[in-house]
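As a plain string of letters, each chain reads:
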Amino acid sequence: MVGKDTMTKTNGSIIQVSGLKKYFPIGRTLLGKPKNFAHAVDDVSFTIKQGETLGLVGESGSGKTTIGRLLVRLEKPTAGSMLFEGKDISLLKKRELKPFRGGIQMVFQDPYSSLNPRMKAGDLVSEPFIIYRKGNRVEIKEKVEKLFDAVGLRKEQIDRYSHEFSGGQRQRIGIARALALNPRLIIADEPVSALDVSVQAQVLNLLAELQDEFDLSFLFIAHDISVVAHVSHRIAVMYLGKLMEVAETKELIRHPRHPYTESLMNAVPIPNPKLRRDKHDVPQGDIPSPINPPSGCRFRTRCPHAFDRCAKEIPLLREIESKHAVACHLFDKEMEDA
Amino acid sequence: MGKPEKKGRALTTVVASNPTNIETLLRVENLDILFGTAKQHVVAVDGVSFKINTGETLAIVGESGCGKTVTSLSIMGLIPCPPGIIDNGSIQFNGKDLLHLKMEEMRKVRGNDIAMIFQEPMTSLNPVLTVGLQMSEAMMAHKGISRKEARKRAIEMLKLVQIPEPEKRMEQYPHQLSGGMRQRVMIGTALSCEPKILIADEPTTALDVTVQAQILDLMNDIKAKLDTSILFITHDLGVVAEIADRVLVMYAGRTIEEALVTELYENPIHPYTEGLLRAIPRLDQYLSADNSVKEALKQMPGIVPSIYKKIEGCSFAPRCPYARKQCGQERPVMKEVVPGHRAACWKPEW
Amino acid sequence: MNKRKIDNIIEDLGQIEFDERASAKFKFKDIFSKVIFKNPSMAIGSIMIFLLIILAIIGPSIAPYDSQELNMSERFESPSWNHIFGTDNMGRDIFSRVLHGTRVTFKIGLASVGIGLAFGLLIGLFAGYSRGKLQNVLMRFIDILYSFPALLIAMALVAFLGPSTRNLIIAVGIASIRYYARVTYGVVLVERNKPYLDAAEIVGAGALRQMFRHLIPNIVPPLIVVATLGFAGAVLNAAGLSFLGLGVQPPTPEWGLILSSGRNYIIRAPWLLIFPGLAIMVAVLSFNIFGDGLRDLLDPKQQRKV
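Residues numbered from 1 in each chain as written. Chains lettered and ligands numbered in written order. Predicted model: local features only at pLDDT ≥ 70, side-chain atom pairs only at ≥ 80, totals over all residues. Heavy atoms only, no water.

Trainee: How should the overall build of chain C be read in this particular structure?
Mentor: Each helix and strand counted, chain C has 11 helices and 0 strands in total. Burial analysis of chain C (306 residues in total) assigns 48% to the buried set. Contacts spanning at least 24 positions in sequence make up 70% of the contacts within chain C whose residues lie at least 6 apart. Carbon and sulfur atoms form 69% of the exposed surface of chain C, whose accessible area is close to 15400 Å². (Helix = DSSP H or I, 4+ residues; strand = E, 2+ residues; numbered from the N terminus. Buried < 20%, exposed > 50% of the residue type's maximum accessible area, 1.4 Å probe, protein only. Contact = heavy atoms within 4.5 Å. Areas by Shrake-Rupley, 256 points an atom, 1.4 Å probe, with all protein chains shown as cover.)

What follows is the structure, encoded as structure tokens:
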């Protein structure tokens, strides 16, 4: 059971992101100036509350992974602010970041390449303690054993190299490592998409249990909306660097308002042959390149409802109902009419 | 890959389908495939039997390492030997045993009767040749038609797989196409010789959801138009529900359950199938029930058994919540439990 | 908590099998039977190197004569049972000198590879890890070094430092830095983008820790190959410089030097050149063969499918 009750316990937010942008330079001229920019993340704002799981769903090129990397500051934002527990971490330099590193941790997508193949499981998990000088050797060993226990690994496995573990077990090592520094927020970037179905459930359940146990907040990034819906309290839908819709999970799944969310819902395969659709009502064509994103609304080139205003004006993300925000001109019109 | 060879067969895009006349097109029986040497080997496929009827979509579903891909490759005669050894069994297609065909004959079957598409189309497309050239060269070589004719047909095929501006796409290189487009090109190429069976190995796994839905629609569409049988290999139970007529579940190299798709999802017999169905997060629970309570996923303990280990009894027994002593000792065979629904499990007999 | 313990135990059942699978891959006793002897060049190369090392260790003690003892009555003797490689213009036993030379050659080879590898590794590592100015400065410097022949650089250094065995080692080592730097740089660029470095960064690992704790262990295998091949190159360069009189000084028995001092008598006493020349060839060849075998073994892309 995902810890929904914890949501009401605290009112404060763990992280507030506003106006976040990340442009990646593409190609360079002879003078070293970038020829072009990929608009990976373009003016994104959201907050995650204490103990909450925010799901971030989007297809390839949506910029969802970049948001995760920005929050743990593997990337430096082009603009915008990220208030983590009230402190803006968006512009901190590497050295200044060190005290905050422990607070936001990350679980990676690929459990194979995200663990150093030349290190033992125990060394991987104890590394954060050594870096932050948290205790002597005996104390650290104790802490590592506790973490192994918490994520369901055996103590005898401490001395094994990561290639000796299965995918699910490796992901557990990654989770144990992320938990080492008592984080408050965990960025889970596609943590189960590289795993077999039967193992996915193990890891998803483990994350939900750990959330209750350690009062964690999550940003859960995935391309699969059914996985996101399962673990998240709220869902943010992203397309080509922009948030399209943000709402509570049940509300979003039952009443998707943005045409893109709707088509995502139509496209996702449902494991119930009785609900089979002969024709999926999905936008034709492919996702445009983030290097030259469409003007105005990013989705307009594939949107069945697009009209002339969509090409001219960028729709703003606004609440159309309580706790349900949409960035779409269709609803601007509705609101103006009302 | 699917290369057309038979001469003079008219390429028609619309074929009157004949659904009432069900006949078995391909029959695989007791297939055993080993990797290694006769002395030392691992068993990748262990006594697999199934059939594909005309115009039907059979999905083989299973997790990584269950032998689903190896099975499909063996039908195409693409198991590298050594180290692959097809130890036992037969693959009957149109009265021919594919396992005993000469290389030359097998090549003809591969071109004209059975075609295959893969997960990553980029690996089966030549990056330095244009799409049109690759498609038409194949047709020219195997159908003996002129360049002009082949080009015309290639454009026709691109239209069939719903690629916009096919004339323009013909001049493009594979890297200029998106993943979805490439997969469409692959499907078009595979279908250009009108195969009777199209084998699709995880064709949508590398694609985004909206593009995946397009490709699934396309495959359903083509099946209806051309009356092609499809063998669809996947790990995704959602995709299976969208496309399959019949489903075969594989686990650790063995088939463990086979049924029509609705039957399988409603009354799974084998505990592994049941476990798989409960282990996936589903959106439909929000859509159907009014007061749906989010439940923890039912997780299956443990992991897939090592292929290096010889399994006595049922391969799923170590992870099975219902396992009894018998399961660890005697291997269950596929038996019809309910009409049209077969499973390899001792439980229904208790 | 109780439930998770149970999961844990059941999961172990699956895990134990997995452990078996993993351990089935690596068995130490198989190293010779399966790894080395399946790869014939590895086998030949390793046997030859093994013999050379033995000679380098015990050579001087089994040598029939003192390598520097002059014997004017036995000058220019052709190979015979007394002097199987013959004698030189001073009546010294060539066989003994070549045997002694093995040790000298190994000393020069190891030390200069050590110097080249140490500096090259550091330059390549820093250049590959840092993105930006440092990377450009370091690699342009390496590019400049690459615009001269290695032997020329070494000669210039010896000319500057003065000819001696120690300076020869330094010169040959420095001349080979560029080679190790560029290889390291290439390997680091590949490893640099792997998520395990991101993972280390997130748990607070600084640049030095990322480089030395995480990167180096992962780039060692290809560097071992490169160092083995580099050893052969170093031996050749050292012999070349000694031949030119810029390296080891007489009367130390070094192969290149023996070759050089015999060059005036090439018609009269060809054995003065043949045997030290053969020794150089055998040493270089065995390290090259071994290095090639090692590369096949360690580079999964080139490995034949099992």
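After that view of the structure, there is still more to cover.
Trainee: Would you mind going over the overall build of chain B with me for this structure?
Mentor: On a plain count of helices and strands, chain B comes out with 12 helices and 12 strands. Taking 20 Å as the expected radius of gyration for a compact globule of 350 residues, we find that chain B reaches 21 Å, a close match to that expectation. The principal-axis extents of the C-alpha atoms in chain B amount to approximately 70 × 55 × 40 Å. The long-range share in chain B, meaning contacts at least 24 apart out of those at least 6 apart in sequence, stands at 67%. Of the roughly 14800 Å² that chain B leaves accessible, carbon and sulfur atoms contribute 53%. Taking the average location of the 42 positive side-chain charges in chain B and that of its 41 negative ones, the two points are 5 Å from each other. (Rg over C-alpha atoms; globule rule 2.2 N^0.38 Å. Lys, Arg positive; Asp, Glu negative; His and termini not counted. Charge placed at Lys NZ, Arg CZ, Asp CG, Glu CD.)

Trainee: Which parts of the structure should I look at to understand helix α9 (residues 207–243) of chain C?
Mentor: Residues that lie three or four places apart on an α-helix share one face, since the helix turns once every 3.6 residues. All names here are of chain C. Helix length check: α9 (37 residues) gives 45 Å between terminal C-alpha atoms against 54 Å at 1.5 Å per residue, more than 12% under. Largest kink in α9: about 50 degrees, centred on Ile216, with the proline Pro217 one to four residues after it. Positioned one or two residues after α9, Gly245 has a phi angle of 85 degrees, which is positive. (Expected span 1.5 Å × (residues − 1). Bend = angle between axes of the 7 residues up to and from the residue.)

Trainee: Honestly, helix α6 (residues 150–161) of chain C in this entry has me stumped. Any pointers?
Mentor: All names here are of chain C. The end-to-end C-alpha distance of α6, which contains 12 residues, comes to 16 Å, matching closely the 16 Å that a straight helix rising 1.5 Å per residue would cover. Those residues of α6 lying buried are Ala150, Ile153, Ala154 and Val158. Each buried residue of α6 lies within a common arc of 130 degrees when the element is viewed along its axis, so the set occupies one face. Exposed residues on α6 whose side chains face more than 90 degrees from its buried face are Ala159 and Phe160. Elements that come into contact with the buried residues of α6 comprise α5 (133–145), α7 (165–192) and α9. Of the residues trailing α6, Gly162 is marked for its positive phi of about 95 degrees. (Arc of directions from axis to C-beta.)

Trainee: Please explain the layout of surface pockets as it appears in this structure.
Mentor: One simple way to see leftover space: roll a probe sized like a water molecule over the atoms. Roughly 930 Å³ of volume is contained in the second largest pocket. Lining of the second largest pocket is provided by 41 residues; of these, Ser193, His223 and Asp224 of chain A together with His235 and Asp236 of chain B occupy positions nearest its centre. Elements supplying a minimum of two residues to the lining of the second largest pocket: α2 (64–71), α7 (197–214) and α8 (225–231) of chain A together with α7 (209–226) and α8 (237–243) of chain B. Split by residue class, the lining of the second largest pocket holds 19 nonpolar, 13 polar and 9 charged. (1 Å grid on protein atoms, 1.4 Å probe; cavity = no way out; pocket = protein on both sides within 12 Å on 5 of 7 lines; lining within 4 Å. Points joined across faces, edges and corners; volume = space filled by probe spheres on them. Nonpolar A, V, L, I, M, F, W, Y, C, P; charged D, E, K, R; others polar.)

Trainee: I keep staring at the sheet that holds strand β5 (residues 96–97) of chain B and nothing clicks. Help me out?
Mentor: Residue and element names in this part refer to chain B. Here we have 4 strands laid out as an open sheet, ordered β2-β1-β4-β5, and antiparallel in their pairing. Two strands lie at the open edges of the sheet, namely β2 (41–53) and β5, each paired on one side alone. Pairing between strand β4 (residues 84–93) and β5: 2 bridges, direction antiparallel. In the sheet register, Phe93 faces β5, and the bridge partner there is Lys96. Set on the sheet, helix α1 (residues 68–75) makes contact with β1 (24–36), β2 and β4; between it and β1 the angle comes to about 115 degrees. (Pairing = 2+ DSSP bridges. Axes fitted to C-alpha atoms, helices over the stretch in contact; angles between N-to-C directions.)

Trainee: Help me understand the side chain of Lys64 of chain A, please; the structure alone is not making it clear to me.
Mentor: Mapped onto the fold, Lys64 of chain A is located in helix α2. Discounting residues that sit within four places of it in the chain, Lys64 of chain A has contacts with Leu56, Val57, Gly58, Glu59, Glu190, Ile221, Ala222, His223 and Met238 of chain A.

Trainee: It is not clear to me how the interface of chain A and chain B should be interpreted in this structure. Could you clarify?
Mentor: Many authors give the size of an interface as the accessible area that is lost as the parts come together. With 48 residues of chain A at the contact, the number on the chain B side is 52 residues. For the pair chain A and chain B, the two sides together bury roughly 4400 Å², of which 55% comes from carbon and sulfur. When the shortest N-O distance is used, the salt bridge between Glu242 of chain B and Arg277 of chain A registers 2.5 Å. On the surface where chain A and chain B come into contact, there are 18 residue pairs in polar contact (both at pLDDT 80 or more). Every element with two or more residues in the side of chain A that touches chain B is listed here: α7, α8, α9 (249–254) and α10 (259–267) of chain A. Looking at the side of chain A that touches chain B element by element, the count peaks at 7 residues for α7 of chain A. (Buried area = accessible area lost by both parts, 1.4 Å probe. Salt bridge = Lys/Arg side-chain N within 4 Å of Asp/Glu carboxyl O. Polar contact = N/O pair within 3.5 Å; in protein donor to acceptor, adjacent residues only side chain to side chain.)

Trainee: It is not clear to me how the packing of helix α4 (residues 94–129) of chain C against α5 of chain C should be interpreted in this structure. Could you clarify?
Mentor: Two measures define how a pair of helices packs: the angle their axes make with one another and the distance between the axes. Residue and element names in this part refer to chain C. Direction vectors running N to C along α4 and α5 enclose 140 degrees, while the axes themselves pass 7 Å from each other. Classed by the angle they form, the pair α4 and α5 counts as oblique. Handedness of the crossing formed by α4 with α5: left-handed. Judged by residue contacts, Ile123, Phe126 and Ala127 of α4 engage Leu134, Gln135, Leu138, Met139 and Ile142 from α5. Of the residues contributing to the contact of α4 with α5, the split by class is 7 nonpolar, 1 polar and no charged. (Parallel < 35°, antiparallel > 145°, perpendicular 65-115°, else oblique. Left-handed = near helix turned anticlockwise from the far one by under 90°.)

Trainee: It is not clear to me how the pairing of strand β2 (residues 34–49) of chain A should be interpreted in this structure. Could you clarify?
Mentor: Along a regular strand, successive side chains alternate from one face of the sheet to the other. Residues and elements named next belong to chain A. With 12 bridges connecting them, strand β1 (residues 13–28) and β2 associate as antiparallel partners. Paired with Phe24 across the strands is Ala38, a residue of β2. The loop that links β1 with its antiparallel partner β2 comprises 5 residues; one of these, Gly32, has a positive phi angle of about 85 degrees.

Trainee: Sorry if this is basic, but what is going on with the sheet that holds strand β6 (residues 114–117) of chain B here?
Mentor: Strand pairing in a sheet is mediated by backbone hydrogen bonds. Such pairs are either parallel or antiparallel. Residue and element names in this part refer to chain B. Strand order in the open sheet formed by 8 strands is β6-β7-β8-β3-β9-β10-β12-β11, and the pairing between neighbours is mixed. For this open sheet the edge positions go to β6 and β11 (335–338), each flanked by a neighbour on one side alone. Sheet twist, expressed as the mean angle between neighbouring strand axes with direction ignored, is 20 degrees. Bridge analysis of β11 against strand β12 (residues 341–343) gives 3 bridges, and the strand direction is antiparallel. By the bridge assignment for β12, Val338 is matched with His341. Relative to the sheet, α7 contacts β3 (57–61), β6, β7 (197–201) and β8 (229–234), its axis offset from that of β8 by approximately 155 degrees.

Trainee: Would you mind showing me how to read the nonpolar core here?
Mentor: Of all hydrophobic cores here, the largest spans 68 residues; its most connected members are Ile175 and Phe220 of chain A. Top element by residues in this core is α7 of chain A. It accounts for 7 residues. Setting aside residues up to four positions removed in sequence, Ile175 of chain A forms contacts with Val107, Val151, Val203, Leu206, Leu207 and Leu210 of chain A. Ranked by size, the runner-up nonpolar core spans 65 residues in total, among them Met135, Ala200, Ala252 and Leu264 of chain B. (Core = buried A, V, L, I, M, F, W, Y, C linked by side-chain atoms within 4.5 Å.)

Trainee: Hey, could you run me through the environment of Tyr260 of chain A in this one?
Mentor: All names here are of chain A. When you line up the elements, Tyr260 lands in helix α10. Residue class for Tyr260 comes out buried when judged on its relative accessible area of 0%. Considered as a pair, Tyr260 and Arg69 are 191 residues apart in the sequence and their alpha carbons are 24 Å apart. For Tyr260, the contacting residues outside a window of four places in its chain are Glu59, Val237, Met238, Tyr239, Met244 and Phe299.

Trainee: Looking at this model, I keep getting lost on empty space enclosed by the protein. Mind explaining?
Mentor: Throughout the structure, instances matching the rule amount to 9 cavities of 30 Å³ or more. Of the volumes computed, that of the largest cavity is approximately 120 Å³. When contributions to the lining of the largest cavity are tallied by element, the ones reaching two or more residues are β6 (104–107) and α6 (167–179) of chain A together with α8 (195–202) of chain C. Here the lining of the largest cavity takes 4 residues from α6 of chain A, the largest share from any one element.

Trainee: Would you mind going over unusual backbone geometry with me for this structure?
Mentor: Apart from glycine, the bulk of residues carry a negative phi angle, and the bulk of peptide bonds sit in the trans form. Here Glu190 of chain A, not a glycine, exhibits a phi torsion of approximately 45 degrees, which is positive. You can see Glu190 of chain A is positioned in the loop between β7 (185–189) and α7.

Trainee: Please explain the environment of Leu272 of chain C as it appears in this structure.
Mentor: Residue and element names in this part refer to chain C. Among the secondary structure elements, Leu272 is positioned in helix α11 (residues 271–298). Taking relative accessible area as the criterion, Leu272 reaches 2% and is therefore assigned buried. Spatially, the C-alpha atoms of Leu272 and Asp88 are 6.3 Å apart, while their sequence positions differ by 184 residues. Excluding residues within four positions of it along the chain, Leu272 makes contact with Phe76, Thr87, Asp88, Asn89, Ile94, Ile258, Leu259, Gly262 and Tyr265.

Trainee: Even after reading the chapter, I still don't get the packing of aromatic side chains, so can you show me in this structure?
Mentor: In total, this model carries 13 aromatic pairs over all chains according to the counting rule given. For the pair Tyr251 of chain B and Tyr272 of chain B, a centre-to-centre distance of 4.4 Å together with 50 degrees between the ring planes defines the contact as tilted. One end of the pair, Tyr251 of chain B, is in strand β9 (residues 246–251); the other, Tyr272 of chain B, is in helix α10 (residues 271–279), with 21 residues separating them in the sequence. The exposure classification of Tyr251 of chain B matches that of Tyr272 of chain B, with both residues buried. Counting every residue linked through ring pairs, the aromatic cluster contains Tyr239, Tyr260 and Phe299 of chain A. The side chain of Lys98 of chain A reaches across the aromatic face of Tyr132 of chain A, ending 5.4 Å from its centre. Here the guanidinium or amino end of Lys347 of chain B rests over the ring plane of Tyr322 of chain B, the centre of that ring lying 4.1 Å away. (Phe/Tyr/Trp six-rings, centres within 6.5 Å; stacked < 30°, edge-to-face > 60°. Lys NZ or Arg CZ within 6 Å of the ring centre and 35° of its normal.)

All we've got here are geometric facts, nothing functional implied.
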